[in-house]
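# A structural walkthrough
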Amino acid sequence: MNNTQKELKLVDRVSAQNYKPLPVVLSHGEGIWVTDVDGNRYIDMLSGYSSLNQGHRHPKIIKALKDQADRLTLSSRAFHNDKMGVFLEKLCSLTGYEKALPMNSGVEAVETAIKAARKWAKEERGIEEGEIIVFENNFHGRSITAVSFSSEQSYRSGFGPFTPGFVIVPYGDIDAVKKAISKKTIAILFEPIQGEGGIKIPVDGFFKGLREICDKNKILMIADEIQTGLGRTGKMLAIQHENVRPDIVCLGKAISGGVYPVSAIVCDDFIMKVFTPGVHGSTYGGNPLGAAVAIAALDVIVEENLCEKSLELGKYFVDKLRAIKCSAIKEIRGRGLFIGIEFKPEIGKVFPICEELMKKGLICKDTKNIIIRMAPPLVITREEIDHALEQIKEVFENIKI
Ligand SMILES: *Cc1c(COP(=O)(O)O)cnc(C)c1O
C-alpha cells in the first residue's frame, strides 16, 4: 500500500463522508503547485474554491502569520487589538465602502448580511418578517438559513424546518424579479457569477436592472462575492464588470489567501449602524492573527496586480481552450481566471475526466456533474498555462462521444 492508499483507508474509517474528493492526498503546496504524499506534483486548478488566488503559502502572507503568531493571536472582542482597524480600513478602501464587519467563514458573512438587511428593514421601513429575493442554483453556504433558500435538494433534504422569508426566482430573469417584488421585499441576494452553480454569467444589464429595482423600491442589493471577489474574475469585485455598486458585499475565501479563515461584510454606515453593542458578534471575528493574515493577503492582490493578471490570462486561457477540438464540449465560459467548461449531457458525469486530468498533473473539480471549473491561483504564468493546456488538450482530444 502506498501513502495515498493508507490515507484514503484512514479517512474512509474515521471521516464523515460529506465530500467525494479525487483520490489524491496533498501534503505540500507552493504557488500554483501542490505535492501529494507519494511525491507527485500537480497544478491546483481549483485554488480552494478561489481562496488561494494569491497561490499556496504566499511568502508575504506566511510571514505575516508567523510574525503575528509571535505577538498576539486573540484579543477577544471585549478588548481592542492593534490589527483589526488596519485590516478593515484596507478592506473598505479596496472595495469602496465606509464600514466593514469581520467574521470567520463565508456563510457567517452571508448570515451577517441577512441580519443587517432584516434589521435595517425593521428600523428604516418598519417591515417585520420581510422577504429576501434569491436565485435558483444559488450557493451561499451550508447553515440552516443558507440551505433554507437553496434550490439544490441534496443541500436541504432532511434539514428542515427551514428559515422562512426567502423567495427563489430564476437567475438572470429580471422580469421574474419584478414579479416577485412585494411590499414585504427588503433585499435581493445574489452571486455576480454563480460559481457552484456552474460558472453561470447572467446577460448584460441584469445587475443594472437589479440596481434600478432596488432603488425604486427601497430594497437592499446584497452581492455574495465570497468566490468571485478579490481579483478572481479580473476585477476587485466581479460586480464591477457591470459598473454596479451593491449596498452590501459579502467577502471570504481569498480575503486571507487560503491561510486562515476570515470573512467580512462591507457596506455604508446607513446599514452598518443597525449593529449596536450586543446585537451581533463572533469570538474569533476580527482576531489579530486573522487580521494580520488578511492585511498581507489583500496587499498581495494589489502589489502583484492579480486583478489585471486574471483578466489578461483568463482571456488567453479561454481562447486557447476554445481552440481545442473536442466534440464533447458544449460551452466554455468565464471571466478572468474563473472558467467553466460545460460538457454535453450525453457524456454523463465529468468526474472520470477530472481523474484523467489528475493523471496528467492537473487537479480540477467537477461542478453540477457536467461542468469542469478551471480556476488556478492568479499567480500562474502564461508558460504554466501553456503547460496546463497541453495536458488538457491530450485528455480532451481522447474523449469519445
Ligand atoms: C464558499 C462560498 C460560501 C460559503 O463560504 P464558507 O467559508 O464555506 O462558509 C458562500 N457563498 C459563496 C458564493 C461561496 O462560494
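To start, this report covers the structure provided alongside it. (Residues numbered from 1 in each chain as written. Predicted model: local features only at pLDDT ≥ 70, side-chain atom pairs only at ≥ 80, totals over all residues. Heavy atoms only, no water.)

This part is about the site of the ligand. Lining the immediate surroundings of the ligand are Ser 105, Gly 106, Val 107, Phe 139, His 140, Gly 141, Glu 191, Asp 224, Ile 226, Gln 227 and Lys 253. Measuring from a nitrogen atom of the ligand, one finds a backbone N or O atom of Phe 139 at 3.4 Å. Lys 253 places a side-chain nitrogen or oxygen 2.7 Å from an oxygen atom of the ligand. Coverage of the ligand by the protein amounts to 81% of the 380 Å² it exposes when considered alone. Residue classes in the shell around the ligand are distributed as three nonpolar, five polar and three charged. (Near = heavy atom within 4 Å. Polar contact = N/O pair within 3.5 Å; in protein donor to acceptor, adjacent residues only side chain to side chain. Areas by Shrake-Rupley, 256 points an atom, 1.4 Å probe, with all protein chains shown as cover. Nonpolar A, V, L, I, M, F, W, Y, C, P; charged D, E, K, R; others polar.)

We now examine the pairing of strand E2 (residues 33-36). Residue alternation in E2 divides its side chains into a buried set, Val 34 and Asp 36, and an unburied set, Trp 33 and Thr 35. In terms of strand pairing, strand E1 (residues 26-30) meets E2 through four bridges, oriented antiparallel. Looking across to E2, one finds that Gly 29 is bridged to Val 34. Where E1 folds back on E2, the antiparallel hairpin that results is connected by two residues, among which Gly 31 adopts a positive phi of roughly 65°. Relative to strand E3 (residues 41-44), E2 runs antiparallel, the two sharing three bridges. Along E3, the bridge assignment pairs Trp 33 with Ile 43. Hairpin remark: E2 followed by E3, antiparallel, with four residues in the connecting loop; positive phi at Gly 39, about 90°. (Buried < 20%, exposed > 50% of the residue type's maximum accessible area, 1.4 Å probe, protein only. Helix = DSSP H or I, 4+ residues; strand = E, 2+ residues; numbered from the N terminus. Pairing = 2+ DSSP bridges.)

Moving on: helix H9 (residues 206-217). For H9, with twelve residues, the first-to-last C-alpha span of 17 Å sits near the 16 Å given by 1.5 Å per residue. If you check which residues of H9 are buried, you get Phe 206, Phe 207, Gly 209, Leu 210, Arg 211, Ile 213 and Cys 214. Lining the buried residues of H9 we find strand E5 (131-135), helix H8 (174-180), strand E7 (185-190) and strand E8 (220-224). Residue Lys 218 follows H9 closely and has a positive phi angle near 55°. (Expected span 1.5 Å × (residues − 1). Contact = heavy atoms within 4.5 Å.)

A few words on the side chain of Gln 391. Examined against the element boundaries, Gln 391 turns out to sit in helix H14 (residues 382-396). Take Gln 391: its relative accessible area is 12%, and that puts it in the buried class. Within the structure, the side chain of Gln 391 is placed 3.2 Å from the backbone oxygen of His 387, a separation counted as a polar contact.

Taken in spatial order, the four strands make up an open sheet running E1-E2-E3-E13, and their pairing is mixed. Single-partner strands in this sheet number two, and they are E1 and strand E13 (362-363). As judged from the two bridges shared by E3 and E13, these two strands associate in the parallel manner. Following the sheet pairing, Asp 44 is matched in E13 by Ile 363.

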